[in-house]
Amino acid sequence: MPTLAVAEASNAAFSPTYIPVALFVGGTSGVGQAMAEAFARQTNGRAHIILIGRNEGAARDIFAGLPKPLDTEGCAYEFVYCDATSMVNIRTVCAGLRARLPRINFLILTASGPAANTMIACGETPEGLDNHLAMRYFARYVFTKELLPLLVAAQEEGQSAHLMTVLGAGLGFKIPTDDLGLDAARRSSIKGMIRGAAYNDGLVASFAAQHLDIAFTHIYPGQVKTTSARVNLGWLLAPLTWLLERHRSAMRIPQDECAQYMLYALLDAERGMFIRDNHGDVVCAHVFTADHGAAFDTDSPTTQEVVRFTLFPAFVDSCCITWSRGFSTVCQ
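Attention here is on the structure that accompanies the text. (Residues numbered from 1 in each chain as written. Predicted model: local features only at pLDDT ≥ 70, side-chain atom pairs only at ≥ 80, totals over all residues. Heavy atoms only, no water.)

With that settled, the discussion passes to the sheet that holds strand 10 (residues 282-286). Strands sit in the order 3-2-1-4-5-6-9-10 across an open sheet of eight strands; the sheet is mixed. Edge positions in the sheet fall to strand 3 (76-81) and strand 10, since each of these pairs with one other strand and no more. Strand-to-strand twist of the sheet, defined as the mean angle between neighbouring strand axes without regard to direction, takes the value 15 degrees. The strands touched by helix 4 (residues 87-100) within the sheet are strand 1 (21-25), strand 2 (48-53) and strand 3, with strand 3 carrying the most contacts at an inclination of about 150 degrees. In this fold helix 5 (residues 133-156) packs onto strand 1, strand 2, strand 4 (106-109), strand 5 (162-166) and strand 6 (215-219), with an angle of close to 175 degrees to the strand it touches most, strand 4. (Pairing = 2+ DSSP bridges. Helix = DSSP H or I, 4+ residues; strand = E, 2+ residues; numbered from the N terminus. Axes fitted to C-alpha atoms, helices over the stretch in contact; angles between N-to-C directions. Contact = heavy atoms within 4.5 Å.)

Close contact between helix 4 and helix 5 brings their axes to 10 Å; oriented N to C, the two are set at 25 degrees. Taken together, the axes of helix 4 and helix 5 are roughly parallel relative to one another. When you trace helix 4 past helix 5, the crossing you get is right-handed. In this structure, helix 4 uses Met87, Ile90, Arg91, Cys94, Leu97 and Arg98 to contact helix 5, whose residues at the interface are Ala134, Phe138, Ala139, Val142, Phe143, Glu146, Leu147, Pro149 and Leu150. In the contact of helix 4 with helix 5, the residues fall into twelve nonpolar, no polar and three charged. (Parallel < 35°, antiparallel > 145°, perpendicular 65-115°, else oblique. Left-handed = near helix turned anticlockwise from the far one by under 90°. Nonpolar A, V, L, I, M, F, W, Y, C, P; charged D, E, K, R; others polar.)

Here the focus is helix 5. If you check helix 5, its first and last C-alpha atoms are 32 Å apart, about what 24 residues at 1.5 Å a residue would give, namely 34 Å. Maximum bend of helix 5: about 50 degrees, positioned at Leu147, with proline Pro149 one to four residues after it. With 19 of 24 residues buried, helix 5 is to be regarded as a mostly interior element. Once helix 5 ends, the next one or two residues include Gly158, with phi positive near 80 degrees. (Expected span 1.5 Å × (residues − 1). Bend = angle between axes of the 7 residues up to and from the residue. Buried < 20%, exposed > 50% of the residue type's maximum accessible area, 1.4 Å probe, protein only.)

Right, let's talk about the packing of aromatic side chains for a bit. Enumeration according to the criterion identifies ten aromatic pairs in this entry. Ring geometry for Phe24 against Phe39: centres 6.3 Å apart, planes inclined by 65 degrees, an arrangement best described as edge-to-face. Of the two residues, Phe24 is situated in strand 1 and Phe39 in helix 2 (residues 30-43); the sequence distance between them amounts to 15 residues. For the pair Phe24 and Phe39, one class covers both residues: buried. Members of the aromatic cluster, each reached through a chain of ring pairs, are Tyr137, Phe138, Tyr141, Tyr199, Phe207 and Phe216. (Phe/Tyr/Trp six-rings, centres within 6.5 Å; stacked < 30°, edge-to-face > 60°.)

Let's shift gears to the nonpolar core. The biggest cluster of nonpolar side chains holds 50 residues, and the ones touching the most others in it are Ile52 and Phe143. Contributing elements (two or more residues each) for this core: strand 1, strand 2, helix 4, strand 4, helix 5, helix 6 (189-210) and strand 9 (272-276). Per element, the largest residue contribution to this core is 14 residues, and it comes from helix 5. Those residues in contact with Ile52 that lie beyond four places of it in its chain are Leu23, Phe24, Val25, Gly26, Gly27, Val80, Cys82, Val93, Leu97 and Phe143. Residues Ala34, Ala40, Val166 and Tyr261 belong to the second largest nonpolar core, which totals 34 residues. (Core = buried A, V, L, I, M, F, W, Y, C linked by side-chain atoms within 4.5 Å.)

This part takes up the environment of Tyr137. Following the sequence through the fold, Tyr137 ends up in helix 5. A C-alpha to C-alpha distance of 9.6 Å links Tyr137 and Met193, two positions 56 residues apart in sequence.

Burial within strand 1 is extensive, with five of its five residues counted as buried. Side-chain alternation along strand 1 places Val21, Leu23 and Val25 on one buried face and Ala22 and Phe24 on a second face that is also buried. The sheet contact formed by strand 1 and strand 2 spans five bridges and is parallel. If you follow Leu23 over to strand 2, its bridge partner there is Ile50. In this region the chain leaves strand 1, passes through helix 2 and returns to the parallel neighbour strand 2; the handedness of that crossover is right-handed. Relative to strand 4, strand 1 runs parallel, the two being bridged by four bridges. Within strand 4, the position partnered with Ala22 by the bridge is Phe106. (Right-handed = clockwise from strand over helix to strand, strands pointing away.)

Considering all chains together, one arrives at six salt bridges under this definition. For Asp268, the salt bridge goes to Arg276, with nearest N and O atoms at 3.6 Å. What makes Asp268 partly exposed here is its relative accessible area of 38%. The network of salt bridges with common partners includes Arg91, Arg98 and Glu146. (Salt bridge = Lys/Arg side-chain N within 4 Å of Asp/Glu carboxyl O.)

On to helix 4. Taking 1.5 Å of rise per residue, the 14 residues of helix 4 would be expected to cover 20 Å, and the 20 Å separating its terminal C-alpha atoms lies within 8% of that figure. Restricting attention to buried positions, one finds in helix 4 the residues Met87, Ile90, Val93, Cys94 and Leu97. For helix 4, the arc enclosing every buried residue in end-on projection is 120 degrees, short of the 170-degree limit, so these residues lie on one face. Across from the buried face of helix 4, at angles greater than 90 degrees, the exposed residues are Thr92 and Ala99. (Arc of directions from axis to C-beta.)

Purely geometric numbers; function is a separate question.
Okay, structure coming up:
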């Protein structure tokens with residue numbers, strides 16, 4: 001496990017010859033915000049940073065506290081509005097980004113939406129998706145698929161190309177084979193939360209199997225002091241919520257500290273699939289070959305679940321057709 005000092009020292013060594021383009025989905029609050037701020041300070045304004053979210057005012061406040069972008073072509077900070085509960089909206093935003101950006105070096109997905117930590121609210125979005133999975137998985141899939149050409153462009157120029165999804169890596173949740181879109185389980189908010197974490201393991205495995213020279217990481221941030229971190233168990237369980245929050249508060253670390261570990265993992269991968277813990281340590285990893293013949297580096301339970309997906313690299317694409325109502329029509 002790297003110490004905070006080790007992570008910070010590793011991050012400080014990042015000094016690319018090119019101007020990196022980093023896009024943070026959910027970058028206006030929480031871990032996404034802290035990662036964007038850390039990245040801007042590390043590059044000292046020599047970067048193109050894009051925050052994707054719904055709160056333009058928060059983005060302005062964040063930019064005001066960062067080193068000013070250098071007066072060099074390609075250096076900029078910008079905010080792009082997107083309601084990531086809508087797959088149609090995501091596709092529109094991504095089409096606009098593809099039309100004007102030559103590449104993306106780092107694509108970081110942290111947005112979990114207003115229902116992120118509630119265990120009582122369940123239902124579906126207007127597009128017919130489970131409201132937990134909509135942002136914990138479906139949105140992340142669509143961002144990945146739609147912006148992948150820009151990551152490929154960065155890799156083809158010999159630059160860093162890394163996608164990172166921040167959620168529940170390495171927790172050992174099994175990837176189910178039935179009711180994948182939770183059509184028959186919309187009354188179970190906790191199931192949507194758990195399955196979202198498992199599906200992200202499958203996401204990075206599937207895309208890494210198809211794009212051998214790009215890094216794909218699913219990472220667990222741990223318990224972090226953020227404004228959206230409070231668990232909601234409902235008013236009937238308010239005493240239990242209070243006890244749980246007291247316990248969690250003793251374990252939480254500041255979001256700026258978490259960001260250093262996340263950044264450490266972001267900058268410490270060249271290609272392949274990575275499942276990492278809250279300190280950036282590799283739980284399991286796989287560097288694919290054209291015939292998918294390389295061996296995994298551990299025999300952990302998480303690895304065994306991911307193996308199932310690497311055998312079927314088209315799994316996620318097939319899910320776009322067969323999963324819940326509406327999704328097949330908005331992501332094709």
